[in-house]
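Below, each chain spelled out in residue letters.
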Amino acid sequence: MDIDYGPLTGLIGTFKGEKGLDIAPDPDGTEKNAYYETIVFTPAGDVTNAEEQTLVALHYHQIVSRKSNNEVFHDQTGYWMWDQSKDEIFQSIAIPRVVCVLANGEAQTESNGDIVINVSTDVDGVLQSPFMHKKAKTTSFKQTFTLKGDTLHYHETTMVDIYGNNFEHTDTNTLVKIS
Ligand code: HEM
């Protein structure tokens, strides 16, 4: 039988977006980076946990390049998971700064058919190296995905304790499914 990916179904495929804006910490305050990116969402099947919980999962890989020099400056991977019985969504994130995040939340279908997914976590959902814990500690993460047909918009906020401030590191983009 085909697996039902529920609110994640519309994400399966390859999305590209050219209008990204990154606001990142900088020793002098803030740096802003315009970016383009590709996110590939691939069905990863279903799993059961402790014979009780069933999850379906999409693997994703997000590759983000700075417009100013065309270099990849953010590479992120993980899973989006859905627990149908609780109608709960989970996102796992791994980035090569030795930071991993596990956020959870829910998906809603709006009256116009848009699917809105909100996930978040406080510091309890963050695993980071001793270096990052000391020097650039992620203290919370939240993200909203809005899927309108083949158009995906996201906005995410990562709070980072760095350079003596709790910095609001944000990333936002609008992508279109190309395959
Ligand atoms: C499109 C997504 C993202 C982009 C383009 C991006 C980009 C950046 C950039 C340019 C910096 C500054 C790096 C530097 O100063 O050398 C930075 C810092 C940081 N980012 Fe992100 N980021 C993204 C998402 C995330 C996410 C999802 C997390 C964690 C959940 C995260 C965690 C951090 C941390 C902890 C730092 C502080 C490290 C530092 O500045 O020295 N970022 N990011």
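Quick note: structure is the one above.
Visitor: Let's hear about the side chain of N33: which residues, and what values?
Guide: Note that N33 resides in strand β2 (residues 29-49). Residue N33 is classed as buried on the basis of its relative accessible area of 8%. Among the polar contacts listed, one links the side chain of N33 to the side chain of D22, at a separation of 2.8 Å. Side chain to side chain, N33 and R66 meet in a polar contact 2.9 Å long. For N33, the contacting residues outside a window of four places in its chain are G20, L21, D22, A24, R66 and F73.

Visitor: Let's hear about the coordination of the iron atom of the ligand: which residues, and what values?
Guide: Protein coordination of the iron atom of the ligand is limited to a single donor, H169 (NE2), positioned at 2.1 Å. Here H169 is to be found in strand β11 (residues 165-177).

Visitor: Quick one: what's the story with the packing of aromatic side chains, residue by residue and with numbers?
Guide: Per the stated rule, a full pass over the model turns up six aromatic pairs. When the ring of F41 is compared with that of F145, the centres are 6.3 Å apart and the planes differ by 90°; the resulting orientation is edge-to-face. Here the residue F41 occupies a position in strand β2, and F145 occupies one in strand β9 (residues 136-148), the gap between them amounting to 104 residues. Just as F41 is buried, F145 falls in that class too. Pairing F145 with Y154 gives two aromatic rings, centres 6.3 Å apart and planes at 35°, and the pair type is tilted. For F145, a relative accessible area of 5% puts it in the buried group. By relative accessible area, Y154 is classed as buried at 1%.

Criteria and thresholds
- Residues numbered from 1 in each chain as written.
- Predicted model: local features only at pLDDT ≥ 70, side-chain atom pairs only at ≥ 80, totals over all residues.
- Heavy atoms only, no water.
- Helix = DSSP H or I, 4+ residues; strand = E, 2+ residues; numbered from the N terminus.
- Buried < 20%, exposed > 50% of the residue type's maximum accessible area, 1.4 Å probe, protein only.
- Polar contact = N/O pair within 3.5 Å; in protein donor to acceptor, adjacent residues only side chain to side chain.
- Contact = heavy atoms within 4.5 Å.
- Donors = N, O, S within 2.8 Å, 3.2 Å for Na, K, Ca; no water.
- Phe/Tyr/Trp six-rings, centres within 6.5 Å; stacked < 30°, edge-to-face > 60°.

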